[in-house]
Amino acid sequence: MTLRLRLLLAFAFLSIVTAAAVSGAGYVRARDAIVQRAQDNAVIETTSRVEQLYPLPARPLDHAALERIAGKVSGREGSAVAEYQGVSAGSMPSSVITTELRGLVSSGRVGWQRVEYNGGVWLVVGTQMRITGGGTSGIEVYVLRPFTSEIEVVHELALNAWLIGGAGLVLALIMAFVAARGVLRPVRDLRMAAFRLGQGDLAARVPVRGRDELAAVATTFNTTASSLEHHVGELQRMEADARRFVADVSHELRTPLAAMTAVTDVLDAETASLPGVAGQAARLVNRETLNLTRLVNDLIEVTRFDSGTAALALDDVDVAEVVARTLKMRGFEVTASLPDGVRARLDPRRLDVIVANLVGNALRHGAPPVTVTLYVEGSSLVIMVADSGPGLPDKVLPHVFARFYKADSARGRSEGSGLGLAIAWENARLHGGTLTAANRPGGGALFTLKLPLGGER
Amino acid sequence: MPRVLLIEDDEAVREGLSLALTYQGHTVDAVRTGEEGLELLMSVAPDVVVLDLMLPGVDGFEVCRRIRASGDLPIIMLTARNDDIDVVAGLEAGADDYVAKPAQARVLEARIRAVLRRSSAAAPEVVAERYGDLTIDREGLVVTRLGRPVSLAPTELRLLLELSSSPGRVMSRQQLLESVWDQGYLGDSRLVDACVQRLRSKIEDDPAAPLYIQTVRGFGYRFGPL
């Protein structure tokens, strides 16, 4: 049940109870008072009419005398009947007199009762006529008076009570609604802000209204969000600094390396004529200069991916042709299944980097035979590189594309820059494709590259 | 051996490249700034310019544009490693090819040889071929449009000769990189696209709706059909 519904129900319940108590009690009291007074009036009037007939004429009373008595007490609106020893006379039907009333009157008291008669409510008042000086005369007089107008007043009262109660309920519901809004809006704001925060919008805050408990929650939320934003910002700044540092270092290294790399060919050609140790030293410097160049180039490549400045130079190519060139140029000995006619729009030099890294990795860490398989699946091209080695250990598998991740910490650095697979992975991603690593059921690592064919451009 | 004008602001790189190119038999004039390079261009008449893009004062792009405006001298630019924005901007400024630093001298040497290579696609026919308003003289390496000679940079000329050697046949960018830029390995297709753009602006009536050098989506380029 929502908070809103609960509030509405609580207000409704409260207002119903209150309205019932106030209007109901008021109605009952007013009704009783009105009915009581009307009945009292009728009784007083009837008895006073009866008393005006005293003293009674001498006995015996015949039908005509009774008729006269009934005529005297009936009044303008009513009708009456007078009974004496089984003889009754008058305009009022005796059938409306209940036995209950008769019993009451015959015991000598003044009785009255409301009855339904002729489609309306009537009051029957009955009394015995007394003989002067005490004692009853044995004559019973009943008067039938319309009571409809009083009942109408009572009904009106009831209607009023219902109306006031209903209006109160509606008013209560409106107020409940307003109150619920007042409470629920800050709650909703808080929920939205928390959601945005969860989505990574660290600038999400909630407006603080008033000084109530909800305002306190909002203030706490804002403080927490601020501190979170601060810490995340700090971390991001630190990470950006670290990345920028790597980029700066790589770029600074590049210029002296460019000078050194430029002369490696001269040195290569001349080392043959250098005597013994000097020649060995020169060859070492040459070789390591080129290794260093490769490492720095890879580092710069990685920083370009990180900064988002790496771009695709797209070309329409025959994929089999590109892969075959990669394998041939690097002298890789693999079993390749490269069907003709797989045309794709991609960056051939980046595909070359991916395939060269995957195959180079398979040949270095796996065992021959290495197979390269190309096929089309839906709107993607798939290249699978599989080796027949022991496969990747379970603890290596999740980190295989991590930078500088060495499966075996004792392994020398001569196995490549340690960035090859990370760069391959980034290149696949840059194409909107994927690169995944797994172990084949029969043993051996399996790398699967999936790139969109991207012909529609 | 060709004469190389090297414009590079870093002293060590300049010295290293001069050393290596001289060792391979080139005559090298090495200067530090674009202004010096443009000045020297008048007096020494080099065969090829090797141009660093990051220069103090007049930058490499501007130097490239000025050289291109005044003639057909081949230009090879030196760029930061895979700096894609620089590569595209440099090619648009009119460079024929580029080499990313750090590079071994033999890579630069190969690129120099490629841009200086005379067209190998020359057909035995002596008569100039006519295609619409265009006349291509394969022997004299002269291209005229409406009777007036068109000034083409070496790679632009070679690209036109290559494409027009078999009109109507589609050639892929990688094929063109191999035959025009002499890149036996996978090349940068942007070289072809930039060169096609420059060539179109010189020989087409409306470069946006090319007649001679047409793009075949998904495959490459084709000369004609007219």
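Residues numbered from 1 in each chain as written. Chains lettered and ligands numbered in written order. Predicted model: local features only at pLDDT ≥ 70, side-chain atom pairs only at ≥ 80, totals over all residues.

1. Digging into the sheet that holds strand β11 (residues 213-216) of chain B
Strand pairing in a sheet takes place through backbone hydrogen bonds and is either antiparallel or parallel in direction. All names here are of chain B. Quick note on the threshold: We call two strands paired when DSSP finds no fewer than two bridges between them. In DSSP terms, a helix is any run of H or I states spanning at least four residues, a strand is any run of E spanning at least two, and both are numbered starting from the N terminus. Here the axes come from fitting lines to C-alpha atoms, over the contacting stretch only for helices, and the angles between their N-to-C directions go from 0 to 180 degrees.
The strand order β10-β12-β11 describes an open sheet built from three strands, whose pairing is antiparallel. Two strands lie at the open edges of the sheet, namely β10 (170-172) and β11, each paired on one side alone. Within this sheet the neighbouring strands show an average axis-to-axis angle of 35°, counted without direction. Sheet topology places β11 next to strand β12 (residues 220-223); four bridges connect them, and they run antiparallel. Within β12, the residue paired with Ile213 across the bridge is Phe223.

2. What about helix α2 (residues 34-44) of chain B?
Residue pairs spaced three or four apart in an α-helix point in one direction, given the helix's 3.6 residues per turn. Residue and element names in this part refer to chain B. Heads up, the condition is: Exposure criterion: with C-beta atoms placed from backbone coordinates, a residue whose C-beta has 20 or more other C-beta atoms within 10 Å is buried, one with 12 or fewer is exposed, and one in between is partly exposed. It is the directions from the helix axis to the C-beta atoms whose arc is reported. By the criterion used throughout, residues are in contact when their C-beta atoms, derived from the backbone, lie within 7 Å.
Residues of α2 that are buried: Gly34, Gly37 and Leu41. Down the axis of α2, the smallest arc covering the buried residues is 50°, so these residues share one side. α2 presents Glu39, Met42 and Ser43 as exposed residues on the side facing more than 90 degrees away from its buried surface. The inward-facing, buried residues of α2 contact β1 (3-7), β2 (27-31) and α3 (60-70). Just downstream of α2, Ala45 is the residue with a positive phi angle, here 50°.

3. Here's the deal with the sheet that holds strand β11 (residues 434-439) of chain A
Residues and elements named next belong to chain A. Ordered by their spatial adjacency, five strands build an open sheet running β7-β9-β10-β12-β11, and the pairing between neighbours is mixed. A strand with exactly one partner marks an edge of an open sheet, and here the two such strands are β7 (335-337) and β11. Each strand axis lies, on average, 15° off the axis of its neighbour in the sheet, ignoring direction. Along the sheet, helix α8 (residues 348-365) contacts β9 (371-377), β10 (380-386) and β12 (445-452); its crossing angle with β10, the most-contacted strand, is approximately 20°. Most of the contacts of helix α9 (residues 420-430) go to β11, to which it runs at about 135°, and overall it touches β11 and β12.

4. Describing the interface of chain A and chain B
Applicable threshold: Polar here means any residue other than Ala, Val, Leu, Ile, Met, Phe, Trp, Tyr, Cys and Pro, which are nonpolar, and Asp, Glu, Lys and Arg, which are charged; Gly is therefore polar.
Contact with chain A, which involves 32 residues of that partner, is made by 29 residues of chain B. For the side of chain A that touches chain B, the secondary-structure elements that each account for two or more residues are α5 (213-271), α6 (276-307), β6 (315-318), α7 (319-330) and α8 of chain A. At 13 residues, α5(A) tops the list of elements feeding residues into the side of chain A that touches chain B. Split by residue class, the side of chain A that touches chain B holds 15 nonpolar, seven polar and 10 charged.

5. What to know about the pairing of strand β2 (residues 87-90) of chain A
Residues and elements named next belong to chain A. Relative to β2, strand β1 (residues 79-84) runs antiparallel, the two sharing four bridges. Bridge pairing in β2 places Tyr84 opposite Val87. What sits between the antiparallel neighbours β1 and β2 is a turn of two residues, in which Gln85 has the positive phi angle 50°.

6. Quick notes on the pairing of β2(B)
Residues and elements named next belong to chain B. What counts is decided by this rule: Handedness of a crossover is defined as follows: orient the strands so they point away from the viewer, and if the path from the first strand over the helix to the second runs clockwise, the crossover is right-handed.
Covered by surrounding structure in β2 are Val28 and Ala30 only, the residues Thr27, Asp29 and Val31 on the alternate face being uncovered. The sheet contact formed by β1 and β2 spans five bridges and is parallel. When the sheet's bridge partners are listed, Arg3 is paired in β2 with Thr27. Taking the sense of rotation as the criterion, the β-α-β connection linking β1, helix α1 (residues 11-23) and β2 turns out right-handed.

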